[in-house]
Amino acid sequence: MSNTATIVGIISVIGALILVTSNSRFRALGFSKGLKLALIWAVIIIGLVMVVQVLGLHGRQ
């Protein structure tokens, strides 16, 4: 996977998370708790992407 594709994928995930949380009860959590949850999700997603890249588990091309 090229660097450009990785960057586009990360931006897409961030955009999806923003859209999902834009009109939900996550806004009532407060900034610090919301930031903590966002960082947890970011670590989970980035970790999964790295595992897929290291193990070479790519879809069919």
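Residues numbered from 1 in each chain as written. Predicted model: local features only at pLDDT ≥ 70, side-chain atom pairs only at ≥ 80, totals over all residues. Heavy atoms only, no water.

1. Description of the overall build of the protein chain
Turning to step 1, where the next piece is worked out: Summing up its helical and strand segments, the protein chain has two helices and zero strands in all.
Turning to step 2, where the next piece is worked out: When each of the 61 residues of the protein chain is scored for burial, the buried share is 0%. (Helix = DSSP H or I, 4+ residues; strand = E, 2+ residues; numbered from the N terminus. Buried < 20%, exposed > 50% of the residue type's maximum accessible area, 1.4 Å probe, protein only.)

2. Concerning a nonpolar patch on the surface
Turning to step 1, where the next piece is worked out: Together, L17, L29, L37, I40, W41, I44 and L48 give the surface a local cluster of nonpolar side chains, amounting to about 610 Å² of exposed area.
Turning to step 2, where the next piece is worked out: Counting through the fold element by element, L29 comes out in the loop between α1 (3–21) and α2 (31–55).
Turning to step 3, where the next piece is worked out: Using a relative accessible area of 35% as the deciding quantity, one classes L29 as partly exposed. (Patch = residues over 30% accessible without salt bridge, like charges linked within 9 Å, V, L, I, M, F, W, Y side chains within 5 Å. Areas by Shrake-Rupley, 256 points an atom, 1.4 Å probe, with all protein chains shown as cover. Salt bridge = Lys/Arg side-chain N within 4 Å of Asp/Glu carboxyl O.)

3. Some details on the environment of A42
Turning to step 1, where the next piece is worked out: Mapped onto the elements of the fold, A42 is located in helix α2.
Turning to step 2, where the next piece is worked out: Considering only alpha carbons, one finds A42 and L17, 25 residues apart in sequence, at a separation of 9.7 Å.

4. Remarks on the environment of I45
Turning to step 1, where the next piece is worked out: Following the sequence through the fold, I45 ends up in helix α2.
Turning to step 2, where the next piece is worked out: Placed 35 residues apart in sequence, I45 and I10 show a C-alpha to C-alpha distance of 8.8 Å.

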